[in-house]
Amino acid sequence: MTTVNASGKHHKTDKLPQKITDQLTDTENEQLKVLTNYVYDRLNNDPSGHDWWHIYRVVCLADQIVSQENGDRFIVLLAALVHDVIDDKLVNDPKLAEKALEAELSRVGLSEKQVTAIMVIITNMSYRKSLDHKNHSLSIEGQIVQDADRLDANGAMGIVRTMIYGGHKGHILYDPSNPARDTMTLEEYKHGSVTTINHLYEKIIHLKDLMNTKTGKKLAEGRHQYLLDFLEEFHAEWDGLR
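**Focus: the overall build of the protein chain**
In terms of helices and strands, the protein chain carries 11 helices and 2 strands. Reading the helices (α) and strands (β) of the protein chain from amino to carboxyl end gives β-β-α-α-α-α-α-α-α-α-α-α-α. The C-alpha atoms of the protein chain give a radius of gyration of 19 Å, which matches the 18 Å a tight globule of 242 residues would have. Considering only contacts in the protein chain between residues 6 or more positions apart, those separated by 24 or more positions represent 61%. For the protein chain, the exposed area adds up to about 12400 Å²; of that, 50% sits on carbon and sulfur atoms. For the protein chain, the separation between the mean place of its 28 positive charges and that of its 36 negative charges on side chains is 3 Å.

Here it is, written out as structure tokens:
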């Protein structure tokens, strides 16, 4: 698609919706376009549920949330865009990926302050960080991006992505003799025995209560109820009752 901003200049953006790009300056649009391609090239073929379309949805959700909350919209958009390119589930060397991303953020002309803000967000927003018993305080921009990422892990999309990830990792679907864990350490979360359905109980079902912003909490309500309805139906069908 082609967008026209206030200056009348055209910017071709093939991967993000016009509602995102129309509100940016010329410089911001060019930076976003380059970084979009950087992320797309790395995640487009991901088979684990962390592909480009996950990024697309998180960017759109983050934009929806920041429109209702206080925060630097451009930082929110960029952090949402790049948040998974350093994920240790997706890259062999997260530290090397961080250095490469920092270099790319600087190369497109972001200030040191902007680069730092983005890197602090994406290195402290993961669910795993809530399990290490350390205080990982996030800026309002970080809270918005974290909410957007968690929304895409919930509801119908969260169920589908959980199934995709479980299949990708070779997890069995469900085993009634292996109950979901009520509490987990970080190491248990990373390496413990897991079924795909248990992951919905051990992580996804808790996301509603971990939302940060008023807007994020409101958006999470419907997705959470969809998850509860799915689990009720799943167990009824598993037991041959429906």
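**Observations regarding the nonpolar core**
The tendency in soluble globular proteins is for nonpolar side chains to be buried as a group. Val-39, Leu-81, Leu-101, Leu-110 and Ile-122 are the most contacted members of the largest nonpolar core, which has 45 residues in total. Secondary structure elements with two or more residues in this core: helix H2 (26–43), helix H3 (52–66), helix H4 (73–82), helix H5 (94–107), helix H6 (112–122) and helix H7 (140–151). For this core, the element with the highest residue contribution is H4, accounting for 9 residues. If near-sequence neighbours (up to four positions away) are discounted, Ile-122 is found in contact with Ala-79, Val-82, His-83, Ile-86 and Leu-101. One finds Ile-197, Leu-200, Ile-205 and Leu-231 within the second-largest nonpolar core, a separate group that totals 14 residues.

**Focus on the environment of Arg-107**
Assignment of secondary structure puts Arg-107 in helix H5. Residue classification places Arg-107 among the exposed residues on the basis of a relative accessible area of 58%. For Arg-107 and His-50, which are 57 residues apart along the polypeptide, the C-alpha to C-alpha distance reads 25 Å.

**Some points on the environment of Glu-69**
Among the structural elements, Glu-69 can be located in the loop between H3 and H4. Here the alpha-carbon distance between Glu-69 and Ile-144, two residues 75 residues apart in the chain, equals 8.3 Å. Dropping the residues within four chain positions of it, Glu-69 is found in contact with Ile-144, Thr-213, Lys-214 and Thr-215. Within polar-contact distance, the side chain of Glu-69 engages the backbone nitrogen of Lys-214 at 3.5 Å.

Definitions and cut-offs
Residues numbered from 1 in each chain as written. Predicted model: local features only at pLDDT ≥ 70, side-chain atom pairs only at ≥ 80, totals over all residues. Heavy atoms only, no water. Helix = DSSP H or I, 4+ residues; strand = E, 2+ residues; numbered from the N terminus. Rg over C-alpha atoms; globule rule 2.2 N^0.38 Å. Contact = heavy atoms within 4.5 Å. Areas by Shrake-Rupley, 256 points an atom, 1.4 Å probe, with all protein chains shown as cover. Lys, Arg positive; Asp, Glu negative; His and termini not counted. Charge placed at Lys NZ, Arg CZ, Asp CG, Glu CD. Core = buried A, V, L, I, M, F, W, Y, C linked by side-chain atoms within 4.5 Å. Buried < 20%, exposed > 50% of the residue type's maximum accessible area, 1.4 Å probe, protein only. Polar contact = N/O pair within 3.5 Å; in protein donor to acceptor, adjacent residues only side chain to side chain.

Everything listed here is a matter of geometry and, on its own, says nothing about what the molecule does.
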